[in-house]
Amino acid sequence: MTVGDWDDEFDVVVLGTGGAGLTAALTAAVNGASVAVYEKSATVGGTTAVSGGIAWIPAHTRAPGLTVEAALDYLRAQSFGAMDDELVSTFVRTGQEMVDFVEKHSEVRFEIASGFPDYKPELPGGRPSGGRSLSPLPYDISRLGAWQDRITAFPADYSNVGFDAETRARLHADIDADTAAGDLCVAGTALIAGLLKGALDHGVTPATGCRGVELIAGADGGIAGVRVDCGT
C-alpha cells in the first residue's frame, strides 16, 4: 500500500477498547473527528473490563485537601529523579477536567473509592487515608442493548486473574437493593460499559476481531495510517 491509497480514511484510528482506547475515541468524536476503533478480540474492554476500574486522580476536587503540589511531591519522591515534571504536572492538573469530560459525554459516573490509600503512603505527599482514587458507580449494562454481551469477562469461577467470584459477590452486595434497577455491573465492567455507551452514542462503533498489524509512516516521518487484519 502506498501512503494515501487507503481502503478507509478516518481522522483518528484507535487500536484497542480498554479504558484508554475508549476514552480516546470518545474524546476525538466529541471534538468532531471521524473515528475508527479496532479491537483484536471478539469482545470489547480488554483487561480494563476485568479490573477494579479504579482511576488514580491525585488532585481531583471531590475530596478536601488534594493539592497539585502534594501530588507532585508524592510522584517525585518515587521517580528516582527520572520524572518528566512538565508531563506529570499536566497529568496531575488536568485529572479533574478529564473526569468532568467523561461524565458529561458518557454514562460513566465516578465516586471516591473507599479503602484505597496510595500505594506508598509513607512517601512525601502520600495519603494513608486515600481519597485520590475514583471508582465507577454500578452501571445498568442492559442500556447497551445488543452490546451488553460483548464485553470481556472471565468465567464466574476463574480466580487466577481479575476478580474472583467472592470479590464480585461482595461488590454487588454493596449495591443498595432498594434502589438497584436493571442488570447492574460494577468495577471495570461498569467503566467499560459506560464508556462504550458514550462512544456508541457519538457514532463510534468498535470493529471486533480486527488486529492492527502494521503502522504506516508518512513522508514526514509521522504515522500516516495502520494496516488492520479483520480476518477477511
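Structure: see above.
Residues numbered from 1 in each chain as written. Predicted model: local features only at pLDDT ≥ 70, side-chain atom pairs only at ≥ 80, totals over all residues. Heavy atoms only, no water.

J.: How should I be thinking about unusual backbone geometry in this particular structure?
T.: A negative phi holds for most residues other than glycine; trans holds for most peptide bonds. Residue Phe-80 is not a glycine yet carries a positive backbone phi of 55°. Of note, Phe-80 is situated in the loop between helix 2 (68-77) and helix 3 (85-93). For Phe-80, a relative accessible area of 80% corresponds to the exposed category. Backbone geometry at Ala-187 places phi at a positive 55°, although glycine is not the residue there. Relative to the assigned elements, Ala-187 resides in helix 6 (residues 187-201). Residue class for Ala-187 comes out buried when judged on its relative accessible area of 11%. (Helix = DSSP H or I, 4+ residues; strand = E, 2+ residues; numbered from the N terminus. Buried < 20%, exposed > 50% of the residue type's maximum accessible area, 1.4 Å probe, protein only.)

J.: In this structure, what is going on with the pairing of strand 2 (residues 35-39)? I would like to understand it.
T.: Looking along a regular strand, one sees the side chains alternate between the two faces of the sheet. In terms of burial, strand 2 is largely enclosed, as 5 of its 5 residues are buried. Because side chains alternate across strand 2, one face comprises the buried residues Val-35, Val-37 and Glu-39, and the other comprises Ala-36 and Tyr-38, equally buried. Of the pairings in the sheet, the one linking strand 1 (residues 12-15) to strand 2 comprises 4 bridges and is parallel in character. Pairing of Leu-15 across the sheet is with Tyr-38, part of strand 2. Crossover connection from strand 1 via helix 1 (residues 19-30) to parallel strand 2: handedness right-handed. (Pairing = 2+ DSSP bridges. Right-handed = clockwise from strand over helix to strand, strands pointing away.)

J.: Looking at this model, I keep getting lost on the sheet that holds strand 8 (residues 207-208). Mind explaining?
T.: Sheets are built from strands paired through backbone hydrogen bonds, the pairs being either parallel or antiparallel. Read from one edge of the open sheet, 3 strands run 1-2-8, paired in parallel fashion. Among the strands making up the open sheet, the edge pair consists of strand 1 and strand 8. As paired elements, strand 2 and strand 8 share 2 bridges and run parallel to each other. From the neighbouring strand, Tyr-38 faces strand 8, where its bridge partner is Ala-207.

J.: What's the story with the nonpolar core in this structure? I'm lost.
T.: In globular proteins that are soluble, nonpolar side chains generally tend to be buried together. Phe-110, Leu-144, Ile-151, Ala-193, Leu-195 and Leu-196 are the most contacted members of the largest nonpolar core, which has 23 residues in total. Broken down by secondary-structure element, the contributors of at least two residues to this core are helix 1, helix 4 (95-105) and helix 6. Ranked by residues supplied to this core, first place goes to helix 6 with 6 residues. When residues no more than four places from it in sequence are discounted, the contact partners of Leu-144 are Ile-151, Ala-193, Leu-196, Lys-197 and Leu-200. Counting residues in each nonpolar core, the second largest holds 9 residues, with Tyr-74, Leu-75, Val-88 and Val-92 among its members. (Core = buried A, V, L, I, M, F, W, Y, C linked by side-chain atoms within 4.5 Å. Contact = heavy atoms within 4.5 Å.)

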